[in-house]
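# A look at the structure
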Amino acid sequence: MSTVRDDMPTVLIAGGSGLIGGHLTRHFKDRGFRVYKLTRKPTKHGHIFWDPSQEKISTSKLAKIDVLINLAGENIGSKRWTTTRKAQILASRIESTEFLATVIGQMPNLKYYIGASGVNCYQNLSGKTFSEEDAYGSDFLATVVKEWEAAHQRVLSQVPGSVLRISMVLSRHGGSLQLMKQPIYWGLGAAVGPGTQSSPWVHIDDLCRLVLFAYDQRIEGTYNVLGANATNIEMTTRLAKWLKRPLFMPNIPAIVLRFLLGERAILVLADLKASNQKVKDTGFTFKYTSLDSAFKSFFKRG
Ligand SMILES: NC(=O)c1ccc[n+]([C@@H]2O[C@H](COP(=O)([O-])OP(=O)(O)OC[C@H]3O[C@@H](n4cnc5c(N)ncnc54)[C@H](OP(=O)(O)O)[C@@H]3O)[C@@H](O)[C@H]2O)c1
């Protein structure tokens, strides 16, 4: 049971109604912070209305805000990447972040800003481990990240803060793990494409701990956020082991995935390794650095 303390800071999470926002809200509330969420569909106490596409926001609580976390953006994996959907994915991040930059002046108590970004921002180049000083790639996701981070800088020119290049978030409920679990659970699990392609991942608890750490330590700059990198085969076999399910299907060929998912197949076929050295150099320690430790936290009973 969390108890908000009057001496603790107030956090505002833009896009706080989603997967990461829900976990962050609990994480901060459990430590006594007051948390508000900016949402286009306010339904609960603690929700604050905004509609960045219309440049509308309810301003009554803004003067109380100490920490602003910006996660807002249309879900990247949920729908086919048509031209319209791509425009929505991009605009929902740029418009909302640029709009926040215009309302910062109404937050006189604001001490710290965290902007979400994605680690899928580098070139598609296997065999290299990317760190933050490497150049942006040129595909759709890299372009989204580049423009999103430029918008975050408009906020960061007014208040100290950081940009977190988040990798695939592993959480017990929802997100990528839920999607990977279903076919394995029904005995239809298989690696995809060559299976040797790597993806960076982070446990949701580590992400929440890092957000709090970033605020506490007032770290600045742009950081890759990952506990480790794992190949698709590792991810699939470790998950099957923890779900106690057999894996006997052959890999799903890349061509089939491209047919089923369209350009969005890059989310599972891209081969990316990233470094988390920069964030570790701030003094932050990841608790989950192996898939087994992460899956144990989700699936071990008793
Ligand atoms: N989950 C991951 O694995 C992962 C990995 C890397 C980066 N990220 C990034 O981290 C952020 C949060 O991730 P998540 O998994 O929590 O996402 P999510 O569950 O899809 O939630 C995103 C939130 O953004 C808000 N939103 C959506 N479209 C919007 C729009 N057009 N204008 C304003 N707000 C909009 C929604 O809030 P309302 O509908 O309530 O307004 C929604 O709750 C995202 O931007 C995502 O790209 C996530």
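Structure's up top.
Please read these numbers as outputs of a predicted model, since none were measured by experiment. (Residues numbered from 1 in each chain as written. Predicted model: local features only at pLDDT ≥ 70, side-chain atom pairs only at ≥ 80, totals over all residues. Heavy atoms only, no water.)

### Brief notes about the sheet that holds strand S12 (residues 228–231)
The following threshold applies: Only strands that DSSP links by at least two bridges are regarded as paired with each other. Each helix corresponds to a stretch of at least 4 residues labelled H or I by DSSP, and each strand to a stretch of at least 2 residues labelled E; elements are numbered beginning at the N terminus. Helix axes are fitted only over the stretch in contact, all axes being lines through C-alpha atoms; the angle between N-to-C directions runs from 0 to 180 degrees.
Here 3 strands make up an open sheet; going across it, the order is S9-S10-S12 and the pairing mixed. With partners counted over all chains shown, the strands left at the sheet margins are strand S9 (168–170) and S12, one partner each. Along the sheet, successive strands turn relative to each other by an average axial angle of 45 degrees, direction set aside. Note: strand S10 (residues 198–203) against S12, 4 bridges, orientation antiparallel. The residue of S12 that forms the bridge with serine 198 is threonine 231.

### Describing the pattern of salt bridges
The condition that has to hold: The salt bridge definition used is simple: a Lys or Arg side-chain nitrogen within 4 Å of an Asp or Glu carboxyl oxygen. Think of it in three bands: with a 1.4 Å probe and only protein chains considered, a residue is buried below 20% of the maximum accessible area for its type, exposed above 50%, and partly exposed in between.
Here the structure, examined in full by the defined rule, presents 11 salt bridges. Here aspartate 66 ties to lysine 111 by a salt bridge, and the two come within 2.5 Å at their closest N and O atoms. Taken together, the residues aspartate 66 in the loop between strand S4 (56–57) and strand S5 (67–70) and lysine 111 in the loop between helix H2 (83–103) and strand S6 (112–118) connect sequence positions 45 residues apart. Relative accessible area serves as the criterion here: at 34%, lysine 111 is assigned to the partly exposed category.

### Concerning the pairing of strand S3 (residues 47–51)
Sheet analysis places strand S2 (residues 34–39) next to S3, joined by 3 bridges and oriented parallel. Bridge pairing in S3 links threonine 39 to phenylalanine 49. Across 2 bridges, the pairing between S3 and S4 is antiparallel. When the sheet's bridge partners are listed, tryptophan 50 is paired in S4 with isoleucine 57. The loop that links S3 with its antiparallel partner S4 comprises 4 residues; one of these, glutamate 55, has a positive phi angle of about 55 degrees.

### Thoughts on the site of the ligand
Here is the rule: Being near a molecule or strand, for a residue, comes down to having at least one heavy atom within 4 Å of it. Two N or O atoms count as a polar contact when they lie within 3.5 Å, although within protein this holds only if one can serve as hydrogen donor and the other as acceptor, and sequence-adjacent residues are included solely when both atoms are side-chain atoms. Surface accessibility in these figures is a Shrake-Rupley result with a 1.4 Å probe; residues are shielded only by whichever protein chains are displayed.
Inspection of the region around the ligand gives 23 residues, with Ser17, Ile20, Thr39, Arg40 and Arg93 positioned closest. At 2.9 Å, a backbone N or O of leucine 19 approaches an oxygen atom of the ligand. When the ligand is considered free in solution it has 890 Å² of accessible area, and contact with the protein chains removes 84% of it.

### Observations concerning empty space enclosed by the protein
Filter applied, for reference: For cavity detection a 1 Å grid was placed over the protein atoms alone, and a set of points counts as a cavity when a 1.4 Å probe fits there but cannot get out; an open set counts as a pocket when protein lies on both sides within 12 Å along at least five of seven lines, with lining residues being those that have an atom within 4 Å of a point. Grid points are joined across faces, edges and corners, and a volume is the space filled by probe spheres set on the points. Only Asp, Glu, Lys and Arg are considered charged in this grouping, and only Ala, Val, Leu, Ile, Met, Phe, Trp, Tyr, Cys and Pro are considered nonpolar; every other residue, Gly among them, is considered polar.
Applying the stated criterion across every chain, the model contains 1 cavity of 30 Å³ or more. Roughly 100 Å³ of internal volume is contained in the largest cavity. Lining the largest cavity are Asn120, Cys121, Tyr122, Gln123, Asn124, Asp139, Leu141, Ile266, Ala270, Asp271 and Leu272. Of the residues that constitute the lining of the largest cavity, the class distribution is 6 nonpolar, 3 polar and 2 charged.

### A closer look at the packing of H2 against helix H3 (residues 140–156)
The axes of two packed helices give the description: the angle between them and the distance between them. Operational definition: Angles below 35 degrees are treated as roughly parallel, those above 145 as roughly antiparallel, those between 65 and 115 as roughly perpendicular, and all remaining angles as oblique. A contact between two residues is defined here by any heavy atoms of the two lying within 4.5 Å.
Axis separation between H2 and H3 bottoms out at 8 Å; the angle between their running directions is 10 degrees. With respect to H3, the axis of H2 lies roughly parallel. Mapping the contact onto sequence places Lys86, Ile89, Leu90, Arg93, Ile94, Thr97, Glu98 and Ala101 in H2 and Phe140, Val144, Glu147, Trp148, Ala151, His152, Arg154 and Val155 in H3. Considered class by class, the residues forming the contact of H2 with H3 number 9 nonpolar, 2 polar and 5 charged.

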